[in-house]
Amino acid sequence: MSDVQFGHKSAKKSRRIFRSPDFWFTLFRMKGKALTLSVGIVMVLAGGIFLLAASSRKAQGGQEQAAVEKQPAVPAAPKDRVESAEIAPKMTYGVLMEEHGIAAADAAAIYEASKDIYDLATIRAGKRLDLMFDPQSGAFKGLMYPLSTEEELHVRREADGWKASREPIVYEVKLKTVNGTVSSSLYAAGLEQGMDEGAVIELGDVFQWTIDFAQDVRVGDTFTAVYEERYRDGAYVMPGRILAAKYVNGSTASQAYWFQNAAGEEGYYDEKGGSLRKMFLKAPVAFKYITSGFTTGLRYVSAFNTSTGHRAIDYAAAQGTPIRATADGVVSFAGWDGPYGNKVSIRHNGTYSTNYCHQSKMIVKKGQKVTQGEIIGYVGTTGFSTGPHLHYEMVKNGVKINPMNETFPGTDPIKSEEQAAFDEVVKTWGDALR
Ligand SMILES: [Zn+2]
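Residues numbered from 1 in each chain as written. Predicted model: local features only at pLDDT ≥ 70, side-chain atom pairs only at ≥ 80, totals over all residues.

### Some points on the overall build of the protein chain
Check the secondary structure of the protein chain and you find nine helices and 21 strands. Scored against the burial criterion, the 434 residues of the protein chain give a buried share of 33%. In the protein chain, once contacts between residues fewer than 6 apart in sequence are set aside, the share between residues at least 24 apart is 63%. (Helix = DSSP H or I, 4+ residues; strand = E, 2+ residues; numbered from the N terminus. Buried ≥ 20, exposed ≤ 12 C-beta atoms within 10 Å, placed from the backbone. Contact = placed C-beta atoms within 7 Å.)

### Some thoughts on the pairing of strand E14 (residues 329–336)
Here E14 pairs with strand E18 (residues 369–370) via two bridges, running antiparallel. Within the sheet, the bridge partner assigned to valine 330 lies in E18 and is lysine 369. Remark: five residues form the turn of the hairpin made by E14 and strand E15 (residues 342–347), two consecutive strands paired antiparallel; glycine 338 in that turn has positive phi of roughly 45°. (Pairing = 2+ DSSP bridges.)

### Description of the nonpolar core
Membership of the largest hydrophobic core comes to 65 residues, with the highest contact counts inside it found for Val285, Ile290 and Tyr315. Formed jointly, this core draws a minimum of three residues from each of two domains, domain 3 (172–278) and domain 4 (302–405). Excluding its chain neighbours within four sequence positions, the residues that come into contact with valine 285 are Ala214, Ile290, Tyr315, Ala317, Thr321, Ile323 and Leu390. By size, the runner-up hydrophobic cluster in this structure holds 13 residues, among which are Met97, Tyr145, Val155 and Ala164. (Core = buried A, V, L, I, M, F, W, Y, C linked by C-beta atoms within 7 Å. Domains from an automatic or database assignment.)

### What to know about helix H9 (residues 419–433)
Working note: α-helix, 3.6 residues per turn, so residues spaced by three or four point in the same direction. Taking 1.5 Å per residue, 15 residues should reach 21 Å; H9 reaches 20 Å between its end C-alpha atoms and fits that length. Where H9 bends most, at lysine 427, the angle is about 30°. Regarding H9, the residues found buried are Val425, Thr428, Trp429 and Leu433. (Expected span 1.5 Å × (residues − 1). Bend = angle between axes of the 7 residues up to and from the residue.)

### Focus: the sheet that holds strand E10 (residues 266–269)
Reading across the sheet, the five strands line up as E6-E7-E8-E9-E10 and stay open at both edges, with antiparallel pairing between neighbours. The sheet is open, and its two edges are formed by strand E6 (172–181) and E10, each paired on a single side. In this sheet, adjacent strand axes meet at a mean angle of 25° when their direction is disregarded. In the sheet, E6 pairs with strand E7 (residues 222–232) via 10 bridges, with the strands oriented antiparallel. (Axes fitted to C-alpha atoms, helices over the stretch in contact; angles between N-to-C directions.)

### Overview of the sheet that holds strand E3 (residues 140–146)
Taken in spatial order, the five strands line up as E1-E2-E3-E4-E5 in an open sheet, and their pairing is antiparallel. Because the sheet does not close on itself, it has two edges, and the strands there are strand E1 (81–86) and strand E5 (161–168). For this sheet, the mean angle separating the axes of adjacent strands, direction not counted, is 20°. Across four bridges, the pairing between strand E2 (residues 128–133) and E3 is antiparallel. Each bridged residue has a counterpart across the sheet, and for methionine 132 the counterpart in E3 is glycine 142. Running over the sheet, helix H5 (residues 104–114) touches E3, strand E4 (151–158) and E5 and is turned about 50° from E5.

### Section: the environment of leucine 186
Structurally, leucine 186 can be placed in helix H6 (residues 186–192). Taking the C-alpha atoms as reference points, leucine 186 and glycine 204, 18 residues apart in sequence, are found 8.0 Å from one another.

### Some thoughts on unusual backbone geometry
Positive phi is not limited to glycine here, since aspartate 233 has a value of about 50°. With respect to the helices and strands, aspartate 233 occurs in the loop between E7 and strand E8 (235–249). The phi angle at histidine 358 is positive, at roughly 70°, despite the residue not being glycine. Tracing the backbone through its elements, the reader meets histidine 358 in strand E16 (residues 352–359).

### With respect to the confidence of the model for the protein chain
Any region with low pLDDT has predicted coordinates that should not be read closely. Of the residues in the protein chain, 80% have a pLDDT of 70 or more, and the chain-wide mean is 83. Considering only residues more than four positions removed or in separate chains, one finds that residues 1–70, a stretch of pLDDT under 50, has 74 contacts. Per-residue pLDDT stays below 50 along residues 292–299; that stretch engages in 26 contacts with residues further than four places along the chain or on separate chains. (pLDDT = per-residue confidence, 0-100.)

### Some thoughts on the pairing of strand E20 (residues 389–396)
Consecutive side chains along a regular strand alternate between the two faces of the sheet. Most of E20 sits inside the fold, with six of its eight residues counted as buried. The pairing of strand E12 (residues 313–316) with E20 spans four bridges and is classified as antiparallel. Counterpart to isoleucine 313 in the pairing with E20 is tyrosine 392. Sheet analysis places E16 next to E20, joined by six bridges and oriented antiparallel. Directly across from tyrosine 356, in E20, lies its bridge partner tyrosine 392. As paired strands, E20 and strand E21 (residues 399–401) are joined by three bridges and run antiparallel to one another. Looking at E21, one finds that valine 395 is bridged to lysine 400. Between the antiparallel neighbours E20 and E21 lie two residues, among them asparagine 397 with a positive phi of about 50°.

### A word on the environment of phenylalanine 223
Within the secondary structure layout, phenylalanine 223 lies in strand E7. Phenylalanine 223 sits 23 residues away from lysine 246 along the chain, and the two C-alpha atoms are 5.4 Å apart. Ignoring sequence-local partners within four residues, the contact set of phenylalanine 223 consists of Gly180, Leu186, Lys246 and Tyr247.

### Details of the environment of leucine 96
Mapping leucine 96 onto the fold places it in helix H4 (residues 93–99). Along the primary structure leucine 96 and alanine 85 are separated by 11 residues, whereas in three dimensions their C-alpha atoms are 7.9 Å apart. Setting aside residues no more than four positions away along its own chain, leucine 96 makes contact with Ala85, Ile87, Met91 and Leu129.

Structure below.
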């Protein structure tokens, strides 16, 4: 509880680094380099074909073994003139349309046509709204607004008025393979290899049932990731799915292969088809919150230690960092508990429960059901505590135990009737992970 010595200075330093222009400049340069490299490297292997087949299989509900679909030939039509409006803070839909010369009646009709899909009165600053005009007559033809990373709102003028629809965003997908060695953290090593921050976080999440990235990471650990990069009109947009990955932690290698079954359920599996998903997450704080703080040379985590009587793991994290339930369960306590401060206890089954202490704010109540990964509260320093951290306890049959020493079986493995399809996936990426 009060036993933690944190490297607060360094945590602050690393946060400062993120805000410094130098960092972003360096990151930008790294990305540029990596992009150039990636053009040379991976792109379309035999795997690309598999990928197309896999995504097309998904689109068809997994019923058919899909072949690569050809786009029908479209007669070349003159392209619309597009005015892209960056939405400024406090900009409203009405004003934006007016500024682009759209008649108020059209703006109102478009608003009505699309309100079942999206309320245009709530357009968000920082996003972009595209307005399409006929290249010859200059007539206003419609608009496009991004709803998420996967879908857009399209509104078009048709003979009988404005029509709105929800359309999937079609990205051009390239494959990228990165290999790296950890000298300070997986996060830093991923960025060094030119990975997008989002892809590194995704990589950490693939192994969230396998590795506690706050405690387990060792200097010299290695990793490989094969993942998608999404492009649009030739420009890089964001990372897509991680297709295969490997993390070598000390002498233990863990592999992960993404697989989607015929029912459309997706997940990550080891090379034999065992699920990476387990009853307990390795850490109650998500990888993205412990990444920037962790440095192997410093003591950021206070471990389970029976000789000092610290029968818990302390996760150093900034005040307000979300705390997640490590497994499904029912909240058995949520309130003040003396030296533990604000504490939440979750009963997972007849054997296991977990406690989450010193919270600044709890957002669950006694009796409430929670699911694995659900946010239950926020890191604080309430009770007997010297600085913001999460004191995490696992209790087995009434005894506080070290979660690091517990092994939990995976959830459902690959079904026997899908083993052959899964083996093909392992074959496709196996070489890249070797
Ligand atoms: Zn503690």
